[in-house]
Amino acid sequence: MNTHNSQLTTHNSEDTIVALATPNGIGAIAVIRLSGLDAIAIANSVWKGKDLTKQASHTIHFGHIVDGDLVLDEVLASLFVAPKSYTRENVVEISCHASGYIIESIIKLFIKKGARSAKPGEFTLRAFLNGQLDLSQAEAVADLIASNSKASQQVALQQLRGGFSTQLQLLREQLVNFASLIELELDFAEEDVEFANRDQLKNLIHEITKIVGRLIQSFELGNAIKNGVNTVIAGRPNAGKSTLLNALLNEERAIVSHIPGTTRDTIEEVLNIQGINFRLIDTAGIREATDAIEQIGVQRTMEKISQSALLVYVFDATEITIEELNSDIESLQKPGITMLLVANKMDLLESESPEDRKSESLASGKIQNIGDFFRTSGLPDFRTISISAKEKQHIDELKQKIYSSAIKDQLSGDETLVTNIRHLEALQKTEEALIRVLGGIDGSITSDFLSMDIKQSLHYLGEITGVVTTDDLLENIFSKFCIGK
Ligand code: GDP
């Protein structure tokens, strides 16, 4: 097993790196960050003010950045002396005026004095290499920057604070203990002794597999929180999809018309329900495609639906026949996609007398009673609802059902959630290795094979926090960061 320090050949921690840490563009203030052995000396060499090399850590100083006689800007310099900084190196943050010209001039000046441009994510890479953060925490930094809802921010923050890492660390420690006992057995192979009690080992592996399994399962929710849930609103022309979209978003965004299929603009909206972003995908496209359900088939609708996790199927409860409804449900259903049936225009049904409805439905094959229909449809209660999009009746209830259809587990707040596909894959490989260990114990395989499988699971667990890593992996992770982070 390799540790990250021995593997990193490209990293040169002697370099002092520089980058703009705030967004490019005009603003009140921009922050330029320097990190490395010479950070303070380099800043001081273009500084008019107190001698920065003689100041204490965590202090802020007013002064000027000068290029020879030329004053570039009036700035504040924040000092962080190693190891008490984000990167654990000497760090200087210059808060200057956010003019493209000033920023560029200051950065060029620092480079002239010996710094080099930082690569994307290089500050965080250094924080990782210097032991400030583990890999999953470093990834949480990127997630935190990208977070766009309360839930995604909370999950990223929990990961950054090490919630996930602590849990993995505990699992690893337990496994390491057993692995070393089994290694010991290998040393005494001839004497046929068992230092590691097999029943205890089995219990432990069961426990760990359970925890790993829970973490794997949490990805569904974690992923929904981080990336949102792709949601399609589909239904026949005039079912009320645009009206429903407006009611959900609470604004008059889509064009509502009486003529079927007149909404042709692409609408992509994000609906936030309890902190989860539901991305309503190209519903205009679905509208066009659903025209085709009756005519040329469902291919395009199906393509859209297959990219989604949730399908909100809307139908006009006053018009659709049971036959049409059943055929739509059948053709739209796909494995892996949750379907929510929404009976719309209930306001019209309520104004009709039950007797009239009964005789009409008998004559036309239309649905007589939505409640009865839903009860016999075989779908669980949370997947069906009756609303009036136009009168905005039961819209909040619908939102609640959209949420519970997509998110089966509730957010408890302190639970560890896996949000990262890399972590998910490592956990799945860990689980496979653990299952092999269990099978091995039952099959009484020899200590050396057991030891190998335990090491495998340790390896994959270690990949998550970066105890085990390769340059490729680091490159892959940190190149996705922005420059200056
Ligand atoms: P789409 O083709 O599925 O997008 O359907 P629209 O949203 O354009 O609605 C078609 C027609 O049905 C419009 O005249 C809407 O005002 C009407 N409509 C939609 N929802 C309701 C509802 O809940 N009750 C009533 N009475 N009419 C509705």
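Here the structure is a predicted model, which means the values were calculated and not measured.

*Asks:* Sorry if this is basic, but what is going on with a nonpolar patch on the surface here?
*Replies:* On the surface, a nonpolar cluster with roughly 310 Å² of combined accessible area is contributed by I60, F62 and L76. Within the secondary structure, F62 is located in strand 4 (residues 59-67). Judged by relative accessible area, which is 51%, F62 ranks as exposed.

*Asks:* How do you make sense of the environment of F481 when you look at a structure like this?
*Replies:* Mapped onto the elements of the fold, F481 is located in the segment after helix 19 (471-478). Sequence separation between F481 and E139 is 342 residues, and the spatial gap between their C-alpha atoms is 8.9 Å.

*Asks:* What am I meant to see in the side chain of K485 here?
*Replies:* Relative to the elements of secondary structure, K485 occurs in the segment after helix 19. Within the buried set, K485 has no salt-bridge partner at all; the shortest N-O distance to an opposite charge, 7.5 Å, is to E93. For K485, the contacting residues outside a window of four places in its chain are R33, Y86, G121, E122, F123, T124, V141 and I145.

*Asks:* Just checking my understanding: could you explain the UniProt feature "binding site: Mg(2+)" (unreviewed entry) in the protein chain for this structure?
*Replies:* The sites that UniProt annotates as "binding site: Mg(2+)" (unreviewed entry) are S242 and T263. Among the secondary structure elements, S242 is positioned in helix 9 (residues 241-249). Classification of S242 by relative accessible area gives buried; the value is 7%.

*Asks:* Mind showing me how you'd approach unusual backbone geometry here?
*Replies:* Leaving glycine out, the prevailing phi sign among residues is negative, and the prevailing peptide bond configuration is trans. A cis geometry characterises the amide bond from A82 onward to P83, with omega recorded as 5 degrees. Mapping P83 onto the fold places it in the loop between strand 5 (70-80) and strand 6 (91-98). Positive phi, normally seen in glycine, also occurs at H58, with a value near 60 degrees. In this fold, H58 is placed in the loop between strand 3 (47-48) and strand 4.

Conventions adopted
Residues numbered from 1 in each chain as written. Predicted model: local features only at pLDDT ≥ 70, side-chain atom pairs only at ≥ 80, totals over all residues. Heavy atoms only, no water. Patch = residues over 30% accessible without salt bridge, like charges linked within 9 Å, V, L, I, M, F, W, Y side chains within 5 Å. Areas by Shrake-Rupley, 256 points an atom, 1.4 Å probe, with all protein chains shown as cover. Salt bridge = Lys/Arg side-chain N within 4 Å of Asp/Glu carboxyl O. Helix = DSSP H or I, 4+ residues; strand = E, 2+ residues; numbered from the N terminus. Buried < 20%, exposed > 50% of the residue type's maximum accessible area, 1.4 Å probe, protein only. Lys, Arg positive; Asp, Glu negative; His and termini not counted. Contact = heavy atoms within 4.5 Å. UniProt positions renumbered as here; feature names shortened; annotations may be inferred.

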